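If you want the building blocks of each chain, they are given just below.
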Amino acid sequence: QLEENAEDARWVRELIMSEWPECQVTWVDSRVAYVAELQLARCDLILSAYALASLHGLEALKLAQEQVPGTPFIFVSGTMGEDRAIEAMRAGAADCVPKDRLKRLTIAIDRARRDSDERTKHRTEHKELEEQFLRAQRMGNIGLLAAGIAHDLNNMLAPILLAAPMLREYVDDASALGLLKTVEESAQRGANLVRQVLAFTRDASGDQRVVQVKHPVRDVAAVIAGTFPKSIRLEEIVPKDLWPIKVNPTQIHQVLLNLALNARDAMPDGGTLRLRAENRILDESAAGLIAGGL
């Protein structure tokens, strides 16, 4: 509370404490004390007189907006008048309460706090939507990059896959034939991985469709088998009676691959990694714990 008149400050404090006994009211009566209190950033609401010797009321409002943005600011003054009150509201004040109508102050405070809570809620929501958009944008960019790399790798592997069978006609040595077979098999594994990467980058639009879960599970299993250390043994447990689900296939790939990568990092000395799927029905309370769950 910024007020140079001690008696007025006492009346305001008593009124607030009668409505909210647990509230802590801090009184300051100068620009220096006011700025110092703002820098502590511990206030939920600011009350200020308008006509002050140490600073103008609108300057106090501006300082509050700079130091503690979003904090409700209410003028409590007997000298403002209608025109100044309108100017203050346009400048960002939550309300203006005349000192001769102090009983209205509790109503103004209650409304300002509700409005502040609502704005805060719209902002913890806007930020969440913005983060989701940025994540989707990043994943889209990663998908485009991965698709480009996959196509380049595919172009590099194609000549090897075409030439290897033809070279057998010109090679008689058993060891050379064995080496040629190794080259061909390695190129084929690389081509299979390229197909898996391309599968991950499809459906970047985020469209959902009905998917048999066994297919993305087996896609990820193929990537694991081809890229993870041999010290990690893969077990794939996919029952035949799995229900189809309506999802974006790329997101399922990403979730499974992220879980697999986390498991790999948790087993630096090797171990068993199980990819298991099962049918499960979530009740309303369990679904509510999941972001976006119904």
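Conventions we followed
Residues numbered from 1 in each chain as written. Predicted model: local features only at pLDDT ≥ 70, side-chain atom pairs only at ≥ 80, totals over all residues. Heavy atoms only, no water. Salt bridge = Lys/Arg side-chain N within 4 Å of Asp/Glu carboxyl O. Helix = DSSP H or I, 4+ residues; strand = E, 2+ residues; numbered from the N terminus. Buried < 20%, exposed > 50% of the residue type's maximum accessible area, 1.4 Å probe, protein only. Expected span 1.5 Å × (residues − 1). Arc of directions from axis to C-beta. Contact = heavy atoms within 4.5 Å. Axes fitted to C-alpha atoms, helices over the stretch in contact; angles between N-to-C directions. Parallel < 35°, antiparallel > 145°, perpendicular 65-115°, else oblique. Left-handed = near helix turned anticlockwise from the far one by under 90°. Nonpolar A, V, L, I, M, F, W, Y, C, P; charged D, E, K, R; others polar. 1 Å grid on protein atoms, 1.4 Å probe; cavity = no way out; pocket = protein on both sides within 12 Å on 5 of 7 lines; lining within 4 Å. Points joined across faces, edges and corners; volume = space filled by probe spheres on them.

## A word on the pattern of salt bridges
At step 1: In this structure the tally under the stated criterion is 16 salt bridges.
At step 2: Here Arg31 ties to Glu59 by a salt bridge, and the two come within 2.3 Å at their closest N and O atoms. Placement of the pair is Arg31 in helix α2 (residues 31–40) and Glu59 in helix α3 (residues 57–67), with a sequence separation of 28 residues.
At step 3: With its nearest N and O atoms 2.5 Å apart, the salt bridge here joins Arg114 to Asp110. Placement of the pair is Arg114 and Asp110 together in helix α5 (residues 103–123), with a separation of four residues, close to one helical turn.
At step 4: Residue class for Arg114 comes out partly exposed when judged on its relative accessible area of 47%.
At step 5: On the accessibility criterion, Asp110 (33% relative accessible area) is partly exposed.
At step 6: Bridged by salt links that share partners, the residues Glu3, Asp8 and Lys99 form one connected network.

## Quick notes on the side chain of Ser77
At step 1: As for its position among the elements, Ser77 is in strand β2 (residues 73–77).
At step 2: For Ser77, a relative accessible area of 7% translates into the label buried.

## A short note on α5
At step 1: Along its 21 residues, α5 runs 31 Å from first to last C-alpha, staying within 8% of the 30 Å computed at 1.5 Å per residue.
At step 2: Every buried residue of α5 is listed here: Leu105, Thr106, Ala108, Ile109, Ala112 and Ser116. An end-on view of α5 places all buried positions within 160° of arc, on one side of the element. Exposed residues on α5 whose side chains face more than 90 degrees from its buried face are Lys103, Ile107 and Asp117.
At step 3: Residues of α5 that are buried sit in contact with α1 (6–19), β1 (46–48), β2 and β3 (95–98).

## Quick look at the packing of helix α8 (residues 214–227) against helix α9 (residues 249–265)
At step 1: Following both chains from N to C, one finds α8 and α9 inclined at 40°, their axes separated by 9 Å at the closest point. Judged by the inter-axis angle, α8 sits oblique to α9. Crossing of α8 against α9: the hand is right-handed. Between α8 and α9, the residues in contact are Pro216, Val217, Asp219, Val220, Val223 and Ile224 and Ile252, His253, Leu256, Leu257 and Ala260, respectively.
At step 2: Classifying every residue of the contact of α8 with α9 gives nine nonpolar, one polar and one charged.

## Some details on unusual backbone geometry
At step 1: The backbone of Ala41 shows a phi angle near 50°, a positive value even though the residue is not glycine.
At step 2: When you line up the elements, Ala41 lands in the loop between α2 and β1.

## Things to note about empty space enclosed by the protein
At step 1: In this structure, the largest cavity encloses a volume near 40 Å³.
At step 2: Taken together, Gln1, Leu2, Glu3, Val12, Leu47, Ser48, Ala49 and Val76 make up the full set of residues lining the largest cavity.
At step 3: For the lining of the largest cavity, the residue count by class is five nonpolar, two polar and one charged.

## A few points about α9
At step 1: Taking 1.5 Å of rise per residue, the 17 residues of α9 would be expected to cover 24 Å, and the 24 Å separating its terminal C-alpha atoms lies within 8% of that figure.
At step 2: Restricting attention to buried positions, one finds in α9 the residues Pro249, Thr250, His253, Leu256, Leu257 and Ala260. Looking straight down α9, one finds its buried side chains confined to an arc of 135°; they lie on one side. Seen from the buried face of α9, the exposed residues on the opposite side, beyond 90 degrees, are Leu259, Asn262 and Asp265.

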